[in-house]
Amino acid sequence: MSSTSSSEGPVSLRSLWTVQLACVCAFSAIGSFSFGFDNGWWSGVLGETAFNNAYGSIKSVSATGAVSHSLSATEQSNGTALGTAGIMVGCMIAPFLNSRWGRKSSFYAVGFVGLIGALIEALSTLHHSYYTLVAGKIIINASVGIASATVGAYQSECAPKELRGALVTFYTFLQNIGGLVAGGVIWAVNTRTDAGGWLIPICLQFFPSIIALVGTPFLPESPRWLVEQGRMEEAEAVIRRLRGPNSRVDASAECAEIRAAFEDEKRLHAGASFVELFRGANLRRTGVATGLQCLQQGQGISFMANYLLITFISLGFQDVYKLLFILYVCLLAFSGLGFYLPDKVGRRPLLIGGATTMLCCQVVVAAVVSHTATPTGSMANLIIAASFIWFFVFAFTWSGIPWLTTAEIPSSTLRSLTLSLGAWSGFGVGLISNFVTPYIQNPQYGNLGAKIGWLWAGFSFVSIFYVYFLVPELKGRSLEEIDQLYEAGISVRQFKTYDLNKLRNGEVAYNPSSTLKRSNKGDAEHIEEKV
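Residues take numbers from 1 onward in each chain, read along the sequence in its written order. Note on the predicted model: pLDDT of at least 70 is required for a residue's local features to be given, and 80 or more for side-chain atom pairs to be given and counted; whole-chain, interface and lining totals, by contrast, use all residues. By convention in this description, side-chain values take in all heavy atoms of the structure and omit both hydrogens and water.

Asker: Looking at this model, I keep getting lost on the overall build of the chain. Mind explaining?
Answerer: Each helix and strand counted, the chain has 26 helices and four strands in total. Residue burial is assigned from relative accessible area. The probe radius is 1.4 Å, only protein chains are included, and a residue is buried under 20% of its type maximum, exposed over 50%, and partly exposed in between. By residue count, 58% of the 531 residues in the chain fall in the buried class. Any two residues whose heavy atoms approach within 4.5 Å are treated as being in contact. Taking the contacts inside the chain whose residues are at least 6 apart along the sequence as the reference set, 76% of them involve residues at least 24 apart. Areas reported here follow the Shrake-Rupley algorithm with a probe of radius 1.4 Å; residue values treat only the protein chains shown as occluding. Here the chain displays about 20600 Å² of accessible surface, and carbon together with sulfur accounts for 64% of that area. Strands here mean DSSP runs of E at least two residues long; helices mean DSSP runs of H or I at least four residues long; both are numbered from the N terminus.

Asker: Would you mind going over the environment of E228 with me for this structure?
Answerer: One can find E228 in helix 13 (residues 223–228). Measuring from C-alpha to C-alpha, the distance between E228 and S412 comes to 9.1 Å, with 184 residues separating the pair along the chain. The contact partners of E228, leaving out residues within four places of it in the chain, are R259, F262 and S412.

Asker: Teacher, can you tell me more about the pattern of salt bridges here?
Answerer: When their charged atoms lie close together, side chains carrying opposite charge are able to pair. Here a salt bridge means any side-chain nitrogen of Lys or Arg lying within 4 Å of a carboxyl oxygen belonging to Asp or Glu. On inspection of all chains with the given rule, the structure shows eleven salt bridges. R279 is paired through a salt bridge with E276; the nearest N and O atoms lie 2.8 Å apart. As a salt-bridge pair, D343 and R347 come within 3.2 Å of each other at their nearest N and O atoms. Connected through salt bridges with shared partners, the residues R103, E157 and R415 form a single ionic network.

Asker: Even after reading the chapter, I still don't get a nonpolar patch on the surface, so can you show me in this structure?
Answerer: Nonpolar side chains collect at one region of the surface, where F461, V462, F465, Y468, F469 and L470 lie side by side and expose about 600 Å² of accessible area between them. Counting through the fold element by element, L470 comes out in helix 24 (residues 453–470). Patch definition: residues above 30% relative accessible area lacking any salt bridge, with like charges linked at up to 9 Å and the nonpolar side chains Val, Leu, Ile, Met, Phe, Trp and Tyr linked at up to 5 Å.

Asker: Mind showing me how you'd approach the confidence of the model for the chain here?
Answerer: In the predicted model, the chain carries a mean pLDDT of 83, and 89% of its residues have values of at least 70. Low pLDDT (under 50) marks residues 2–9, which in the prediction has 23 contacts with non-local residues, meaning those over four places away or in another chain. Low pLDDT, under 50, characterises residues 509–531; the predicted model gives this stretch 46 contacts beyond four residues in sequence or across chains. The predictor rates its confidence in each residue with pLDDT, a number between 0 and 100.

Asker: Sorry, what's going on with the pairing of strand 2 (residues 67–70) here?
Answerer: Within a regular strand, the side chains alternate between the two sheet faces. One ladder, built from four bridges, connects strand 1 (residues 58–61) with strand 2; its direction is antiparallel. Bridge assignment links K59 to a residue of strand 2, and that residue is H69. Hairpin connection between strand 1 and strand 2: a loop of five residues separates the two successive antiparallel strands, and G65 in this loop has a positive phi of roughly 95 degrees. In this scheme, strands are said to pair when DSSP sees at least two bridges between them.

Asker: Explanation requested: the packing of aromatic side chains in the structure shown.
Answerer: To describe a pair of aromatic rings, one takes the distance between the centres and the angle between the planes. Stacked, edge-to-face and tilted are the three classes for Phe, Tyr and Trp ring pairs, Trp counted by its six-membered ring, which pair at centre distances within 6.5 Å; planes under 30 degrees apart are stacked, over 60 edge-to-face, the rest tilted. Counting across every chain of the model gives 25 aromatic pairs. When the ring of F51 is compared with that of Y55, the centres are 4.8 Å apart and the planes differ by 35 degrees; the resulting orientation is tilted. Of this pair, F51 and Y55 are both found in helix 4 (residues 49–55), four residues apart, which corresponds to roughly one turn of the helix.

Asker: Mind showing me how you'd approach unusual backbone geometry here?
Answerer: Glycine aside, the phi torsion of most residues is negative, and most peptide linkages are trans. Positive phi is not limited to glycine here, since H128 has a value of about 50 degrees. Here H128 lies in the loop between helix 6 (103–123) and helix 7 (130–148). We classify H128 as partly exposed; its relative accessible area is 37%. For D319, which is not glycine, the phi torsion reads 50 degrees and is therefore positive. Along the chain, D319 turns up in the loop between helix 17 (308–314) and helix 18 (320–335). Among the residues examined, D319 registers a relative accessible area of 57% and is labelled exposed.

Asker: What should I look at first to understand the environment of T216 in this one?
Answerer: Residue position: T216 is located in the loop between helix 12 (206–215) and helix 13. On the basis of relative accessibility, which here comes to 1%, the residue T216 falls in the buried class. If near-sequence neighbours (up to four positions away) are discounted, T216 is found in contact with F27, K104, F107 and Y108. Among the polar contacts made by the side chain of T216, one reaches the main-chain carbonyl oxygen of A212 at a distance of 2.5 Å. Definition of a polar contact: a pair of N or O atoms within 3.5 Å, with one able to donate and the other able to accept a hydrogen when the atoms are protein atoms, and with sequence-neighbouring residues admitted only if both atoms are side-chain atoms.

Asker: Honestly, the nonpolar core in this entry has me stumped. Any pointers?
Answerer: Considering soluble globular proteins, one finds that nonpolar side chains tend to be buried as a cluster. Side-chain atoms within 4.5 Å are what join buried Ala, Val, Leu, Ile, Met, Phe, Trp, Tyr and Cys residues into a set we call a nonpolar core. In terms of nonpolar packing, the biggest core is built from 90 residues, with W41, F51, W198 and W398 touching the most fellow members. In terms of residues, this core owes the most to one element, helix 21 (residues 377–396), which gives twelve residues.

Asker: Would you mind going over helix 25 (residues 479–487) with me for this structure?
Answerer: A turn of α-helix holds 3.6 residues, and therefore any two residues three or four places apart point the same way. Burial runs high along helix 25: eight of the nine residues are buried. For helix 25, the set of buried residues is L479, E480, E481, I482, D483, L485, Y486 and E487. The positive-phi residue at the C-terminal boundary of helix 25 is G489, with phi of around 75 degrees.

Asker: I would appreciate a short explanation of the side chain of S77 in the present structure.
Answerer: On the secondary structure map, S77 appears in helix 5 (residues 73–101). Every residue in contact with S77, bar those within four places of it in the chain, is listed here: L82, Y307, N434, F435, P438 and Y439.

Asker: Help me out: how do you make sense of helix 5 in this one?
Answerer: In a helix, the anticipated span is given by 1.5 Å times the number of residues less one. The first and last C-alpha atoms of helix 5 sit 42 Å apart over 29 residues, in line with the 42 Å expected at 1.5 Å per residue. At I93, helix 5 shows its maximal kink, close to 30 degrees; a proline, P95, follows between one and four residues later. A residue's bend is simply the angle between two axes: one fitted to the seven residues ending at it, one to the seven starting at it.

Asker: When you look at the packing of helix 16 (residues 280–306) against helix 22 (residues 401–408) in this model, what are you seeing that I'm missing?
Answerer: Helix-helix packing is characterised by the crossing angle of the two axes and by the distance between the axes. The convention used is that axes are lines fitted to C-alpha atoms, helices contributing only their stretch in contact, and that angles between N-to-C directions extend from 0 to 180 degrees. Following both chains from N to C, one finds helix 16 and helix 22 inclined at 165 degrees, their axes separated by 9 Å at the closest point. Relative to helix 22, helix 16 is oriented roughly antiparallel. Viewed along their axes, helix 16 and helix 22 form a crossing whose handedness is left-handed. Residues V288, A289, L292, Q293 and Q296 of helix 16 pack against P402, W403, T405 and T406 of helix 22. Classifying every residue of the contact of helix 16 with helix 22 gives five nonpolar, four polar and no charged. Working rule for angles: under 35 degrees goes down as roughly parallel, over 145 as roughly antiparallel, 65 to 115 as roughly perpendicular, anything else as oblique. It is the rotation of the near helix from the far one that decides the hand of a crossing: anticlockwise by less than a right angle makes it left-handed, clockwise makes it right-handed. Charged means Asp, Glu, Lys or Arg here, nonpolar means Ala, Val, Leu, Ile, Met, Phe, Trp, Tyr, Cys or Pro, and polar covers whatever is left, Gly included.

Asker: Can you walk me through the environment of S433 in this structure?
Answerer: Tracing the backbone shows S433 in helix 23 (residues 415–441). Separated by 349 residues in the primary sequence, S433 and T84 place their C-alpha atoms 9.9 Å from one another. Once residues lying within four places of it in the same chain are set aside, the contact partners of S433 are S302, F303 and W456.

Below, the structure written as structure tokens:
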């Protein structure tokens, strides 16, 4: 959303940053808290003795005759991967809700579906049915998928361009808060020998869903969605509410700009069908959105979020739950940089720098374990340090920026579909990662252990070049300006500095990669498709 000023002068960042806008963006992201909490409690409970004894199928008898149980590689794989499958289902549901009933309908769905999932998880305790627990996890994660495919679009449509990076970062920031809370809860209950070790974190998942259901009525609808429905007065009222009572933003002019961009998109791409994602300039946008989401997962975040704790246990580390909680505290602190750096430094430098650092960290972990199967002393500390640094850098680079870019890069008519496809593709990679990781690491199968870091390092290497050649710099551009640049076929490395007056004055040079040309008819500009 652009920030159109009145005749009194330019709009200051201080006037744009309002309590109303911050609260709306933070509250709309409550679904991401559930995502972070789910990853945190699940990764922790996989290492709990009581949980494994209750739900595990592998029976072991010690020298003293004591019987214990543990989850098999198949159970670990299915429990984690099928949860990711639930996210993918939610991503497919979200576009229908968003386009037909608006973004708020998805927030209601997040709360309702999340309640059902948490209830089923809790009921699995009655007979210690592992796959009942997994069924509940699938349903909870479906609510996460709906949120993933909705929150970024909603926040980018509510935020002025100068603050878009900071406000969309609320999604990943609340996700990290959820992980921190889960880490603290698991640290507190992991030594329990009763059902409280897993039932307490399961029941805590009711609260985000209840908050979503209670709070959604107080959220405004997306002003862009209202404009697309022809509800201009409501859209103007929402913009005035978000900008605050002392704002000098011209809400009427801003809505008119949104309406003009929407009408251009309708002329170019009649109907927001799935096929349109792969036509003309939209193909470039879809490629960037899906590519970033896939590479985010490909660099190992699913492994780091779900299997890091049991990897540390397998390496013989002590106080792993305390270690994990400290990691979540530091992760949350560093994720705060995401409120500032994307709009100050830009997207591309952070993505390239982040992938380079993460590559080095994974190489260190894999190299140490390749040399020493059970590292101790300084070698163990080196692995812990590399894992911490990986998380720190990921927190303000590849954690939030792919979501930010996926939300801001699509055309207005295809934003919900593009975000859903991008999220679905990324979680598809996460599904594969979560499914195969236990088999790759488990001694009965691949026995790779922490040497799996070589795989994640390879994806980081690919990410560096992918961003450099294919991802444009969107810092400081309004969503309407991004539309213009893509439709004119401007190259990736020109996005940051290209003078938009050339487009407005019809001075666009022919670009062989573009499917569009611009012509002027009277005082109005039209973008026509080449045939």
